[in-house]
2 protein chains.
Amino acid sequence: MSIQVVSKSRRLRSTIYSSRIEKQGVKSYTIYNHMLLPASFGDTLEDSYNHLKEYVQVWDVAAERQIEIKGKDAYQLVQLMTCRDLSKAKAGKCYYSPIIDENGGMINDPVILKFDDERWWISIADSDLMLFAKGLAIGKTLNVSISEPNVNIMAVQGPKAFNLLEKIFGNEILDLKFYNFKYFNFKNSKHLIARSGWSKQGGVEIYVEDTKSGLELYDLLFEEGKEFNVKPGCPHLIERIEGALLSYGNDMDINDNPLECGLDKFVNLDNDLNFLGKDKLIKIKETGIEKKIMGVKINLDKINLRSTIDLKIDGKIIGEVRSAVYSPTFKKVIGIAMINKPYFLSNHKFDIVVNDKECTGEICNIPFI
Amino acid sequence: MSIQVVSKSRRLRSTIYSSRIEKQGVKSYTIYNHMLLPASFGDTLEDSYNHLKEYVQVWDVAAERQIEIKGKDAYQLVQLMTCRDLSKAKAGKCYYSPIIDENGGMINDPVILKFDDERWWISIADSDLMLFAKGLAIGKTLNVSISEPNVNIMAVQGPKAFNLLEKIFGNEILDLKFYNFKYFNFKNSKHLIARSGWSKQGGVEIYVEDTKSGLELYDLLFEEGKEFNVKPGCPHLIERIEGALLSYGNDMDINDNPLECGLDKFVNLDNDLNFLGKDKLIKIKETGIEKKIMGVKINLDKINLRSTIDLKIDGKIIGEVRSAVYSPTFKKVIGIAMINKPYFLSNHKFDIVVNDKECTGEICNIPFI
């Protein structure tokens, strides 16, 4: 495998935590929303996986940028972009929402935070959703202002997350419900904290607006977290694939619609909501999808996937794997794949060639765990 | 300086040339339009600079993605997004064009290729311009289709570029004028070739649509180029700063307008064109800009800039440097900076702290060479 260094420049934005995680030994980066996102810290993938499932980690996920939509028509614009029904959305809650274009193609899959009808944050995956929102708002002359505020998220994830958080924020934080958010005091500042995060191990995301205070909090989390064996970390490939947390740009893109992505419960077609691509999705639902995201298990003990690989049955392409990793739980490679009709309907076996080596696998449901 | 490896995945798209340049020893990558863009090949920066200025290089710049705008309203949409007058644009020509939002803020600075009134390619810098175009087209119900075709550009740059190109395409290619494009035959295929590129050393960009043929051409360029000392390369930090080729995301972003970026000759306010931000730019032109992109020379023999650094006079911030590199030509560090009014009006000296070391520099005009 060929290895290259990240060539840094202002265009690949550093986060407010970058100098800290570099001192803490970050070994690789990915780029997400034009920003550095840590990808590993020197432990083996399996060691950091075990750590995340047993202790607590603090993640620099500032690359999850916020798009703020403010103004009289803010709800109208937000609803226009998503097939999820936000008409009854409540202030202080988070909503995972597919963002789709006029054809139903996935443009992003953010978590949307509602402050009130006239103020929303869209916590985006890796595409410039601000430009889409701006284009729509200009084109439809909506009364909104759209910006990317200086918010830098750190995530606290793992089974010991709330033990650590309680030490700092008191037991009030234990009452925070899943996908709810609230401001919590920290010294002379306050921080928006949401019970969310890109793992299935529990924890929160802290939306840092006050940089100075946020960095003090970052340092304190490591100080107070020693007794819980805290470590720096990042979204984890094994853990997220086992839990089937889809990754925009990896598992799905503009050529896929939310029904193909298995996001049916976030697709509301049965009411009078006005959103882009609705007619297309209604038609697709009637005629049925032509492909679907599924799990795959591959009889291999390692893989390093950087682009899709075709899956074949009797020489015929029946789909492609888009993300994959060796899973210590299943003792084989598991992955997220887009599978053609009708092969996604049952657990077919398939052939795949990885690094010129022929091997076999089978389709399965997700999440794996 | 802390060094990290690029964590590859499908989301950071490989190009059709990636496996080739990795065999050829690419050492670092940047990410551009969600795609791998080579940043160095193991030579020192000065060696590759000297090579580029003397011989010929082939660059994998597939990350310069194309946004195709097709349909009856294609011209209307393209013109809506740029302050450059394209009303008299000619088929077969390329137009460097600032793309701006409703406030005049820079969203991208692509080269736009006109096929005819109803078909354009926008060869984009690093932002998802397709999403902006889509939002506008939907909002204004324009009759266009917008897509990212599978086009992978390779650039042939350097003073020996046309010697090499003539061997392959015949002397017809010598007649191609600057910023013009035309299809040229290659074996049983044809390739769009534009006389353009992100260096000032001359050469072309080959817009490869036929992947198989493009890869044959890539290999042949290295075979036939041996006599001209051909090497793989990439946009070069020293060469591009000396020539003041601005880099979107590094030197400018949505908070800067094209007048501040010194792009006045691409801002047409004196006619009845309909484009976004026009009113704002007219006002700004009347009242005068508050900051401007300028060159800086800094009395240092090296720098590694990954974010802006403030420039001060008597302790007061008067601007910030956004890109910088040691220039073997000037025997000091040179850079691109955004300088506040009135300091951009003359060659002020300033103080700057680089790696905790205080030093001095002065403002100057660009391009440096």
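Residues numbered from 1 in each chain as written. Chains lettered and ligands numbered in written order. Predicted model: local features only at pLDDT ≥ 70, side-chain atom pairs only at ≥ 80, totals over all residues.

Examining the sheet that holds strand β9 (residues 111-116) of chain A
Residues and elements named next belong to chain A.
Item 1. Strand order in the open sheet formed by five strands is β6-β9-β10-β5-β11, and the pairing between neighbours is antiparallel. Only two strands of the sheet have a single partner each, and these edge strands are β6 (93-96) and β11 (145-147). Pairwise comparison of adjacent strand axes, ignoring direction, gives a mean angle of 20 degrees for this sheet.
Item 2. Packing of helix α3 (residues 74-81) onto the sheet brings it into contact with β5 (66-70), β9 and β10 (119-123), and relative to β5 it is tilted by some 130 degrees. (Pairing = 2+ DSSP bridges. Helix = DSSP H or I, 4+ residues; strand = E, 2+ residues; numbered from the N terminus. Axes fitted to C-alpha atoms, helices over the stretch in contact; angles between N-to-C directions. Contact = placed C-beta atoms within 7 Å.)

Description of the sheet that holds strand β9 (residues 111-116) of chain B
Residues and elements named next belong to chain B.
Item 1. On the basis of which strands lie adjacent, the open sheet formed by five strands has the order β6-β9-β10-β5-β11 and antiparallel pairing. Two strands close off the open sheet at either side, each with one partner strand: β6 (93-96) and β11 (145-147). Between one strand axis and the next, the sheet turns through 20 degrees on average, direction left out of account.
Item 2. Pairing analysis gives four bridges linking β6 to β9, with the strands arranged antiparallel. Paired with Y96 across the two strands is V111, which belongs to β9.
Item 3. Sitting on the sheet, helix α3 (residues 74-81) is in contact with β5 (66-70), β9 and β10 (119-123), with an inclination near 130 degrees to β5.

Some thoughts on unusual backbone geometry
Item 1. Backbone torsion omega between A:K341 and A:P342 reads 0 degrees, so that peptide bond is classified as cis.
Item 2. With respect to the helices, strands and loops of the structure, A:P342 is situated in the loop between β20 (332-340) and β21 (349-354).
Item 3. In the segment running from B:I366 into B:P367, the intervening peptide bond is cis, with an omega of -5 degrees.
Item 4. Mapped onto the secondary structure, B:P367 falls in the segment after β22 (357-364).
Item 5. Non-glycine residue A:H34 carries a positive phi angle of around 60 degrees.
Item 6. Mapped onto the elements of the fold, A:H34 is located in the loop between β2 (28-32) and β3 (35-40).

What to know about the nonpolar core
Item 1. In this structure, A:A133 and B:A133 are the most contacted members of the largest nonpolar core, which totals 234 residues.
Item 2. A:A133 has contacts with A:I67, A:I69, A:L77, A:M81, A:I146 and B:G135, leaving out every residue within four places of it along the chain. (Core = buried A, V, L, I, M, F, W, Y, C linked by C-beta atoms within 7 Å. Buried ≥ 20, exposed ≤ 12 C-beta atoms within 10 Å, placed from the backbone.)

Notes on the interface of chain A and chain B
Item 1. At the interface, 47 residues of chain A touch 46 residues of chain B.
Item 2. The set of elements that each furnish at least two residues to the side of chain A that touches chain B consists of β1 (5-6), β2, β3, α4 (129-139) and β19 (316-327) of chain A.
Item 3. Considering each element in turn, the side of chain A that touches chain B owes the most residues, eight residues, to α4(A).
Item 4. Its residues assigned to classes, the side of chain A that touches chain B shows 16 nonpolar, 18 polar and 13 charged.
Item 5. Inspection of the sheet shows β1(A) paired to strand β2 (residues 28-32) of chain B by two bridges, in the parallel sense. Across the sheet, A:V5 pairs through a bridge with B:S28, a residue of β2(B). (Nonpolar A, V, L, I, M, F, W, Y, C, P; charged D, E, K, R; others polar.)

Observations regarding the environment of A:L45
All names here are of chain A.
Item 1. Along the chain, L45 turns up in helix α2 (residues 45-54).
Item 2. A residue is classified by how many C-beta atoms lie within 10 Å of it, and L45, with 16 of them, is partly exposed.
Item 3. Remark: the alpha-carbon pair of L45 and I146, spanning 101 residues in sequence, is separated by 39 Å.
Item 4. Discounting chain neighbours no more than four positions away, the residues touching L45 are L237 and I238.

Observations concerning the relation of the copies chain A and chain B
Item 1. Superposing chain A onto chain B takes a rotation of 180 degrees combined with a translation of 0.0 Å along the rotation axis, leaving an RMSD of 0.0 Å. In the structure described here, the two chain copies are related by an operation that fits a two-fold rotation axis.
Item 2. The residues that chain A uses at the interface reappear at the interface of chain B in 98% of cases, marking a shared surface. (Least-squares fit on C-alpha atoms with pLDDT ≥ 70 in both.)

Details of the domain arrangement of chain A
By a frequent convention, interface size equals the accessible area lost on bringing the separate parts together.
Residues and elements named next belong to chain A.
Item 1. In terms of domains, chain A is made up of domain 1 (18-62 + 151-241), domain 2 (67-138 + 257-286) and domain 3 (290-369).
Item 2. Taken together, the contact between domain 1 and domain 2 spans eight residues of the former and seven residues of the latter.
Item 3. For the side of domain 1 that touches domain 2, a count of residues per class yields four nonpolar, three polar and one charged. (Domains from an automatic or database assignment.)

A look at the environment of A:I146
Residue and element names in this part refer to chain A.
Item 1. Within the fold, I146 resides in strand β11.
Item 2. Owing to 24 C-beta atoms within 10 Å, I146 belongs among the buried residues under this scheme.
Item 3. Residues I146 and G71 lie 75 residues apart in sequence; the distance between their C-alpha atoms is 9.0 Å.

Thoughts on the pairing of β9(B)
Residue and element names in this part refer to chain B.
Item 1. Taken together, the five bridges between β9 and β10 define a ladder with antiparallel strand orientation. Bridge pairing in β10 links V111 to S123.
Item 2. Where β9 folds back on β10, the antiparallel hairpin that results is connected by two residues.

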